[in-house]
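Here's the letter readout for the chains.
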Amino acid sequence: MNEQAIATVKATVPVLRENGVALTSYFYKRMLGNHPELKNVFNLSHQATGRQPRALAAAVLAYAENIEDPSKLLKAVDRIAIKHVSLDIHPDQYAIVGTNLLHSISEVLELPMDHDVITAWEQAYGQLANILINREKALYHEVATKKGGWSGWRAFKISAKQQDGEHTTFTLVPTDGLAITPAQAGAFISVKVAIADQGIEQPQQFSFEQVQDNAEYHIQVKRELVDADVPSVSNALLDHVQVGDTVQVTAPLSYH
Ligand code: HEM
């Protein structure tokens, strides 16, 4: 990015920050409207609370503020990349997010898409997207090449479902019968289930309470109090997923 573009991006951060709610709600509405397939990717109960919508846009703004010294954000980048890999986010999806984010910035700042400000933001977003895509590529390789490892979603069967007080422990075994990566306590997997009445799938992350060093994983699921129309993976597991059913699982990861 040239100095002019950097200055332009930095100058618009405060006004975008002030309009944060408008920016993020417009952005998500636009993106999920144009790409309903992403309703299977984003956890819609996190969307409902507004926590996640703020996180993505806030990360882009924080990056823009530190654009001259992105090393300040390396730790944050790492955390986002780990989250993305756990959710099987792919490079081609960055273009979708980018287009929708730029249109949202154009809308919030009331500028045409061919304005210098938008062009500068396009470069800034592209730069951050590249950093994340590269980090994620390395992480996908890392999880795939571990013993028993894999990248993306892998089918697991529920082999037991045991209620213990307010938690239900689900035991998951891979349907291919092959080895699975051992994991430390605190590491997490994403589990994706069908939300039948809404015709979508939803992912959610579950952390391991204990070391997982056997041929199966154990996760503890607790009922979530959400409005009836907000899909909850935990509630779907408790109410609709029985022993013998299959769910999709990503390889264990942890924040270092
Ligand atoms: C430069 C681009 C991007 C940035 C800066 C970004 C930033 C973030 C941040 C800060 C989080 C929250 C991390 C946490 O909770 O620790 C997040 C989560 C997430 N991101 Fe991204 N992201 C980007 C691109 C994408 C793309 C391309 C996709 C796929 C369409 C995506 C999908 C997700 C999902 C599904 C989550 C988890 C949200 C949830 O809680 O359900 N992100 N991202």
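As the structure is a prediction and not an experimental result, all values here were calculated from the model. (Residues numbered from 1 in each chain as written. Predicted model: local features only at pLDDT ≥ 70, side-chain atom pairs only at ≥ 80, totals over all residues. Heavy atoms only, no water.)

### Observations concerning the domain arrangement of the protein chain
Move 1: What the domain assignment reports for the protein chain is domain 1 (3–145) and domain 2 (154–249).
Move 2: Facing twelve residues of domain 1, the contacting portion of domain 2 comprises twelve residues.
Move 3: Across the domain 1/domain 2 interface, buried area totals approximately 990 Å², and carbon plus sulfur atoms make up 50% of it.
Move 4: One can count zero salt bridges joining domain 1 with domain 2.
Move 5: Our count for the domain 1 to domain 2 interface comes out at eight residue pairs in polar contact (both at pLDDT 80 or more).
Move 6: Within the residue set of the side of domain 1 that touches domain 2, elements represented by two or more residues are helix H3 (44–49) and helix H5 (74–86).
Move 7: Taken together, the residues of the side of domain 1 that touches domain 2 sort by class into six nonpolar, four polar and two charged. (Domains from an automatic or database assignment. Contact = heavy atoms within 4.5 Å. Buried area = accessible area lost by both parts, 1.4 Å probe. Salt bridge = Lys/Arg side-chain N within 4 Å of Asp/Glu carboxyl O. Polar contact = N/O pair within 3.5 Å; in protein donor to acceptor, adjacent residues only side chain to side chain. Helix = DSSP H or I, 4+ residues; strand = E, 2+ residues; numbered from the N terminus. Nonpolar A, V, L, I, M, F, W, Y, C, P; charged D, E, K, R; others polar.)

### With respect to the pairing of strand S3 (residues 188–195)
Move 1: Of all eight residues in S3, seven are buried; the element is thus mostly enclosed.
Move 2: When S3 meets strand S4 (residues 200–207), the two strands line up antiparallel, connected through eight bridges. Paired with Ile195 across the strands is Ile200, a residue of S4.
Move 3: Pairing between S3 and strand S6 (residues 246–249): two bridges, direction antiparallel. Counterpart to Val191 in the pairing with S6 is Val249. (Buried < 20%, exposed > 50% of the residue type's maximum accessible area, 1.4 Å probe, protein only. Pairing = 2+ DSSP bridges.)

### Things to note about the pattern of salt bridges
Move 1: Evaluated as defined, the whole model comprises seven salt bridges.
Move 2: Glu65 is the salt-bridge partner of Arg17, the closest N and O atoms lying 2.9 Å from each other. Taken together, the residues span a long stretch of sequence, with Arg17 in helix H1 (residues 3–18) and Glu65 in helix H4 (residues 51–65) at a distance of 48 residues.
Move 3: A relative accessible area of 39% places Arg17 in the partly exposed class.
Move 4: Judged by relative accessible area, which is 38%, Glu65 ranks as partly exposed.
Move 5: Of the charged contacts in the structure, one is a salt bridge between Asp78 and Arg135, with a shortest N-O distance of 2.5 Å.

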